[in-house]
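Structure assessment
What follows is each chain in one-letter form.
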Amino acid sequence: MTVGFPEGFIWGAATAAHQVEGGNSNSDAWVLEHAVPSIFREPSGDAIDHWNRFEDDVALLAALGLRAYRFSIEWARIEPREGVFSRAAIDHYQRCINACLERGVQPIPTFHHFTAPIWVARDGGLTSAKFPERFARYCEKVARELSGFQYACTINELNLPLFMREKLVAAVNGDLKAAAEAALGSSLDSFFLFSPREAILKQGLKAHALARDAIKAQHPNCQVGATLSIQDEQAESGAEAFRDERNAQFYDECLDALKNDDFIGVQTYTRLIARKDGSATGAEGAPRTMIGWEDYPQALANTCRYVFERTGAPIVITENGWAGLDDTRRSEFIREALQGVHHAIQDGVDVRGYLYWTLFDNYEWMSGYEPKFGLIGVDRNTQARKIKPSALVLGDIAQNNSLVAPDIVPTPTRNFSPDQESSPVGIG
Ligand code: BGC
């Protein structure tokens, strides 16, 4: 069965500056990567040299049939010292936008994707009361200088530290913590991923709102939103209250604050099952991706439904992807995830686009270069790009604005009971 998507549906792929550009040496992540010992498995170095290869890389994306490219603008390059803006960096990003437009690709810039200039981190990052105005000033400058984009994201996964910080803090102690803080010249709390809850809910949300207004002041017709990391929170029987608490803690405050924006960026990778013992993990024994998350493509439609039910806001899926070496499985994952999204759209959920994470195998933050999410592989010795079959699969879907549905029909659910675990048609 062929299932079609709404006219004008946005099809594309995403990257983030620090993970692909290379040489982002004025950023907080860069100094943390070079601490000894480091919380990063290896430094980003040249990454995949996207800074110099942007034009060819966009040409590849366009040749696949994809029509949108979400990339990020690096604050550390634009404003390497407080109040000092780099003309060269601004011009670079205009060339990036032009490279997209010349090839019929919609550019979707993100203004903050985890990294910040070192001076911002030295002064507390999001924990500083000055952060919102600083971030908005940079966004205002960039928005005033750059033209040619109709969608923009302010902060990537604004809510991520709400559930990641605790695990990170537990893992980073002793010498690791001391070296990181010495390199950063401040507490680790000032690196975005470690931001305390109050910093996200106060400075983070305010920074987003000021940035959104600054961008829209320059580009009144531009659709501006933040993106959120939203996993499919399910519950084994008896743990529903715990699941609801997780939703409240990790997502709901941000969703409520963002519900009047032009769109909400949904970024989903897996599901987590709340259990009576107080843990929340993927299904036991289920296949995992290379990064350890349960391989569960149905999660995406469930999170879109959740976000739409809570906010009524239009959704752009700004990230969804599969990490591993089995590219056939990657193609299936994409098709299964999209089939669920199609069902959700038929049920009235307003999803406007799908941007796969990620266009290239890239620098996966603390895990270094090992995890492979990309539609395109990269030989980091030669920087040669190699298109994987999954890239052609997504390109075909984009060109046809439809896909041939896989046999598995995922049933939407946010509940889980262990005896359903072996069901071949998803849980529900
Ligand atoms: C981030 C990406 C990251 C991806 C896979 C998302 O949390 O936005 O930067 O590479 O997940 O881990």
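Here, every reference points to the structure presented above.
About the cut-offs
- Residues numbered from 1 in each chain as written.
- Predicted model: local features only at pLDDT ≥ 70, side-chain atom pairs only at ≥ 80, totals over all residues.
- Heavy atoms only, no water.
- Near = heavy atom within 4 Å.
- Polar contact = N/O pair within 3.5 Å; in protein donor to acceptor, adjacent residues only side chain to side chain.
- Areas by Shrake-Rupley, 256 points an atom, 1.4 Å probe, with all protein chains shown as cover.
- Buried < 20%, exposed > 50% of the residue type's maximum accessible area, 1.4 Å probe, protein only.
- Helix = DSSP H or I, 4+ residues; strand = E, 2+ residues; numbered from the N terminus.
- Pairing = 2+ DSSP bridges.
- Axes fitted to C-alpha atoms, helices over the stretch in contact; angles between N-to-C directions.
- Contact = heavy atoms within 4.5 Å.

The next point concerns the site of the ligand. Near the ligand, the surroundings consist of 13 residues, among which Q19, H113, E157, E319 and E364 are the closest. Here an oxygen atom of the ligand and a side-chain polar atom of N156 are 3.0 Å apart. The contact in question runs from an oxygen atom of the ligand to an N or O atom on the side chain of W357, over 3.2 Å. Protein burial of the ligand: of its 310 Å² of free accessible surface, 93% is covered by the chains.

What follows concerns the pairing of strand β3 (residues 68-72). Counting buried positions along β3 yields five of five residues, so the element is predominantly enclosed. Burial along β3 is two-sided: the residues A68, R70 and S72 and Y69 and F71 are all buried. Note that strand β2 (residues 10-14) and β3 share three bridges and pair parallel. Its bridge partner lying in β3, A13 is registered against Y69. Relative to strand β4 (residues 106-112), β3 runs parallel, the two sharing five bridges.

Turning our attention to the sheet that holds strand β12 (residues 315-319). On the basis of which strands lie adjacent, the open sheet formed by nine strands has the order β6-β5-β4-β3-β2-β13-β12-β9-β7 and parallel pairing. The strands lining the two open edges of the sheet, one partner per strand, are β6 (223-225) and β7 (227-229). On average, each strand axis in the sheet is tilted by 25 degrees relative to the strand beside it, whichever way the strands run. Sheet analysis places strand β5 (residues 151-155) next to β6, joined by three bridges and oriented parallel. Each bridged residue has a counterpart across the sheet, and for Y151 the counterpart in β6 is Q223. In the packing of helix α14 (residues 389-400) onto the sheet, the strands contacted are β2 and β13 (351-357), and the crossing angle to β2 comes to about 155 degrees.

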